[in-house]
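Survey of secondary and tertiary structure
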Amino acid sequence: MADPLAQGVARELKTCGITHIVWLPDSRARFLYQALQAEPSFHMVPVCREGEAFGVASGLHLGGKKPLVLIQNTGFLESGDSVAGIALDMKLPLLIMIGYQGWSKSAPVNRASALCLEPMMKVWDIPYYFLETEKDLPHIAQADRQAQESARPAAVIITRE
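The numbering scheme is per chain: residues are counted from 1 as the chain's sequence reads. Where totals are concerned, whole chains, interfaces and linings use all residues; where local detail is concerned, this predicted model gives features only for residues with pLDDT of at least 70, and gives and counts side-chain atom pairs only at 80 or more. Hydrogens and water are ignored here; the side-chain numbers use all heavy atoms of the structure.

**Quick look at the sheet that holds strand 4 (residues 95–99)**
- In short, DSSP must find at least two bridges between two strands for them to pair. Think of it this way: any DSSP run of H or I at least four residues long counts as a helix, any run of E at least two long counts as a strand, and we number them from the N terminus. One open sheet accounts for six strands, arranged 2-1-3-4-6-5; its pairing is parallel. Every interior strand has two partners, whereas the edge strands, strand 2 (43–46) and strand 5 (128–131), have only one. Neighbour-to-neighbour, the strand axes of this sheet turn through a mean angle of 20 degrees, independent of strand direction.
- Here strand 1 (residues 20–23) pairs with strand 3 (residues 67–72) via four bridges, running parallel. Paired with Trp 23 across the bridge in strand 3 is Leu 70.
- Together, strand 1, strand 3, strand 4 and strand 5 form the strand contacts of helix 1 (residues 4–15), whose direction differs from that of strand 4 by roughly 165 degrees.
- Residue contacts are counted whenever heavy atoms from the two residues lie within 4.5 Å of one another. Fitting a line to C-alpha atoms yields each axis, with helices limited to the stretch in contact; the angle taken between N-to-C directions then spans 0 to 180 degrees. Against the sheet, helix 3 (residues 50–62) touches strand 1, strand 2, strand 3 and strand 4, its axis set at about 175 degrees to strand 3.

What follows is the structure, given as C-alpha cells:
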C-alpha cells in the first residue's frame, strides 16, 4: 500500500516543477523514496556525500533544471561549506528537504545533530518549514515559492517519526 504522505510529497514536488532529486538515502526520509522513484517526471540523482548535492544541484540549476536536494540533518551540517559557498553565495533558489534525525516530539532531543539544525538554519538565514503529516504538505509549495522569490534556499524539515 502506498504511503499517502509520500504520494502527497511527490505530487507537491511535481506541482512545484521539480525536475531532479539530488539525494542521499537516510532513515528519516526513507518513506519517500518509492513514491519519488515511481514519478516519471523526476530524475533521481544519488550522491555519495551530502556536500556534493549542492554542487550537483547548482549545475542542474545553471543548466535550466529545477532540482531538489533531499538529505539528512547530519549531512546538511557536514555540507556547511557547500551550503554557504554554493547555495547561499550563488543565490540558488533551491528547495531543500532535510530528514530530522534525532528529533522526537515525544522525548527530549539529545543528539548534537538535531540540536544544531535549527540554529544553523537561522545563522544562514534559510527559512524552514516542518513536514510531519498530510496537513503540512502546503509547506512544500510555500518553501519553494520563498526560494524562488528570494533567490535563496528554503527548506522543508521532515519530522515524521
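**Observations concerning the environment of Ile 158**
- One can find Ile 158 in strand 6 (residues 154–158).
- In this structure the C-alpha to C-alpha distance between Ile 158 and Thr 133, which are 25 residues apart in sequence, comes to 9.4 Å.

**Digging into the environment of Glu 149**
- Along the chain, Glu 149 turns up in helix 7 (residues 138–150).
- Burial here depends on accessible area, computed with a 1.4 Å probe over protein chains only, as a share of the maximum for the residue type. Under 20% is buried, over 50% is exposed, and the range in between is partly exposed. For Glu 149, a relative accessible area of 66% corresponds to the exposed category.
- With 56 residues separating them along the chain, Glu 149 and Pro 93 place their C-alpha atoms 7.7 Å apart.

**Observations concerning the nonpolar core**
- Among the nonpolar cores identified, the biggest contains 30 residues, and Val 9, Leu 13, Ile 21, Leu 32, Leu 70, Met 97 and Ile 140 are the most heavily contacted of them.
- Secondary-structure elements contributing two or more residues to this core are helix 1, strand 1, helix 2 (30–38), strand 3, strand 4, strand 5, helix 7 and strand 6.
- Sequence-distant contacts of Val 9, that is, excluding residues within four places in its chain, are made with Leu 32, Met 97, Leu 131, Leu 137 and Ile 140.
- In this description, a nonpolar core means a group of buried Ala, Val, Leu, Ile, Met, Phe, Trp, Tyr and Cys residues linked to one another through side-chain atoms lying within 4.5 Å. Counting residues in hydrophobic clusters, the runner-up holds 28 residues, among them Ala 53, Ala 57, Tyr 100 and Trp 124.

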